[in-house]
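Fold and geometry: a report
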Amino acid sequence: MADNPSERQINEAVCIDTKRIYDSCVSKDCLEDLRVTFFCRSQRLIDDAVTIKCRECEITSVSIDVEEVPFNRGYYSVDITFYFRLCFDTYSAPCTTPEVAVGFTQFTKKCILYGSDGNVKIFTSNPVCEDHDCPEAPRYSNPTAKVQAVDPVILSTDVVDACDCSIPICSSFPQSILNNVSDSIPSAGSARAVLVTLGLFSIVQMERDVQMLIPAYDYCIPERECCCSTQNPCDTFQSIDFPVDEFFPPERESALPSCSCNNGSDDDDNEPINA
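The rules behind the values
- Residues numbered from 1 in each chain as written.
- Predicted model: local features only at pLDDT ≥ 70, side-chain atom pairs only at ≥ 80, totals over all residues.
- Heavy atoms only, no water.
- Phe/Tyr/Trp six-rings, centres within 6.5 Å; stacked < 30°, edge-to-face > 60°.
- Buried < 20%, exposed > 50% of the residue type's maximum accessible area, 1.4 Å probe, protein only.
- Lys NZ or Arg CZ within 6 Å of the ring centre and 35° of its normal.
- Core = buried A, V, L, I, M, F, W, Y, C linked by side-chain atoms within 4.5 Å.
- Helix = DSSP H or I, 4+ residues; strand = E, 2+ residues; numbered from the N terminus.
- Salt bridge = Lys/Arg side-chain N within 4 Å of Asp/Glu carboxyl O.
- Pairing = 2+ DSSP bridges.
- Contact = heavy atoms within 4.5 Å.
- Axes fitted to C-alpha atoms, helices over the stretch in contact; angles between N-to-C directions.
- Arc of directions from axis to C-beta.
- Patch = residues over 30% accessible without salt bridge, like charges linked within 9 Å, V, L, I, M, F, W, Y side chains within 5 Å.
- Areas by Shrake-Rupley, 256 points an atom, 1.4 Å probe, with all protein chains shown as cover.
- pLDDT = per-residue confidence, 0-100.

Observations regarding the packing of aromatic side chains
Taken as a whole and judged by the stated rule, the model has 6 aromatic pairs. An angle of 15 degrees between the planes, with centres 6.2 Å apart, marks the rings of Phe-82 and Phe-84 as stacked. With respect to burial, Phe-82 and Phe-84 carry one shared label: buried. Here Arg-20 stacks its cationic end above the ring of Tyr-22, 4.7 Å away from the centre of that ring.

What follows is the structure, encoded as structure tokens:
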């Protein structure tokens, strides 16, 4: 059998049931001045701190709602709400060990994508339900939205007086987020408000179940044997290569252009720089 898939002989054409991406878009959003919601313990740490630094930010949940666009058949509006969890290092005095304050914020966006038409009800057999005489409910062939995103980049953190902040605080979060918070009691009052600016990269796709005819070459039988070694764990560790790159990060490749931040005219780029 040839190693190159293009050189293999097509045995037959098979029909598969899969998801097809009808439309997609990429987003690069700068989320300015999002107010962070803190609960009781974390809000006290923020109010008493002399220095506050944002350590990390992660996406904890995403809410997606798909609705048809009126008078524009085949198009759907996708309402997406991102929920972020942020950790702050709070210092009550200089040169002290910081305490961690946890806060949450959210961002909502909307996009319109093409998802084609189809109003078919889909029924599938389920042996477990049939044993209990409860058939599975039908699924509709509406398109589904899929969101891919990476944890945002923290661009800036600002601390202002709560009375001077006109941005309202968000008190509505999914229960899945509140269940993972040790002190889920909302703060009655706050002296300070924290505003963060985040950079978010995301991809939104509109998918629909379709039947497609594809060429079949052969069954994909694995060629590599499973490693079920039960040897001494120290011997297994000795077989692992030493992580040189972790201790000595690789240098920049010489082929890559260097960063140029010259704000002058183009003629200045060709002039030599005198030390």
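Let's talk about the nonpolar core
Membership of the largest hydrophobic core comes to 28 residues, with the highest contact counts inside it found for Phe-84, Leu-86, Phe-88, Val-196 and Leu-198. Of all the elements in the fold, those that place two or more residues in this core are strand 1 (12-35), helix 1 (40-48), strand 3 (51-68), strand 4 (75-91), strand 5 (99-114) and strand 10 (192-216). Judged by nonpolar contacts, the second largest core, of 9 residues, contains Phe-39, Tyr-83, Cys-170 and Phe-173.

A few points about the pattern of salt bridges
Throughout the structure, instances matching the rule amount to 7 salt bridges. Two residues, Arg-73 and Asp-117, come together in a salt bridge whose shortest N-O distance is 3.1 Å. Taken together, the positions of Arg-73 in the loop between strand 3 and strand 4 and Asp-117 in the loop between strand 5 and strand 6 (121-122) put the pair 44 residues apart, joining distant regions of the chain. Assessed through its relative accessible area of 70%, Arg-73 is described here as exposed. With its nearest N and O atoms 3.6 Å apart, the salt bridge here joins Asp-79 to Lys-110. One end of the pair, Asp-79, is in strand 4; the other, Lys-110, is in strand 5, with 31 residues separating them in the sequence.

Quick notes on unusual backbone geometry
Phi is positive for Asp-33, close to 50 degrees, though the residue is something other than glycine. Structurally, Asp-33 is set in strand 1. Within the chain, Cys-95 stands out as a residue other than glycine whose phi angle is a positive 60 degrees. Residue classification places Cys-95 among the exposed positions, given a relative accessible area of 86%.

Some thoughts on the sheet that holds strand 5
The sheet built from 4 strands is open, its strands ordered 2-5-4-3 with antiparallel pairing. At either margin of the open sheet sits one strand with a lone partner, and together these are strand 2 (37-38) and strand 3. One ladder, built from 16 bridges, connects strand 3 with strand 4; its direction is antiparallel. Paired with Ile-59 across the two strands is Phe-84, which belongs to strand 4. Those strands touched by helix 1 are strand 2, strand 3, strand 4 and strand 5, and its axis lies near 110 degrees from that of strand 5.

Observations regarding helix 1
One turn of the α-helix equals 3.6 residues, which is why residues spaced by three or four share an orientation. All buried positions along helix 1 are accounted for by Ser-42, Gln-43, Leu-45 and Ile-46. For helix 1, the angular spread of buried residues about the axis comes to 160 degrees, placing them on one side. Residues Arg-44 and Asp-48 are exposed on helix 1 and point more than 90 degrees away from its buried face. Looking at the packing, one finds that the buried side of helix 1 touches strand 2, strand 3, strand 4, strand 5 and strand 10.

Describing a nonpolar patch on the surface
A surface patch of nonpolar side chains, amounting to about 360 Å² of accessible area, comprises Val-150, Val-153, Leu-155 and Phe-201. By the element assignment, Val-153 lies in strand 9 (residues 153-161).

Some points on the side chain of Ser-202
Examined against the element boundaries, Ser-202 turns out to sit in strand 10. The buried category is assigned to Ser-202, whose relative accessible area is 2%. Residue contacts for Ser-202: discarding those within four places in its chain leaves Cys-25, Val-26, Ser-27, Asp-29, Phe-82, Lys-109, Gln-148 and Ala-149.

Section: the environment of Phe-39
Mapped onto the elements, Phe-39 comes out in the loop between strand 2 and helix 1. The class for Phe-39 is buried, based on a relative accessible area of 6%. Counting along the chain gives 151 residues from Phe-39 to Ser-190, while the straight-line C-alpha distance between them is 9.9 Å.

Overview of the confidence of the model for the chain
Taken over all residues, the pLDDT of the chain has a mean of 80, while the share at 70 or more is 78%. Element-level pLDDT for the chain is lowest in helix 2 (residues 127-131), with a mean of 58, against a maximum mean of 93 in strand 4. Segment residues 269-275: pLDDT under 50, and 1 contact once partners within four positions in sequence are set aside and those in other chains are kept.

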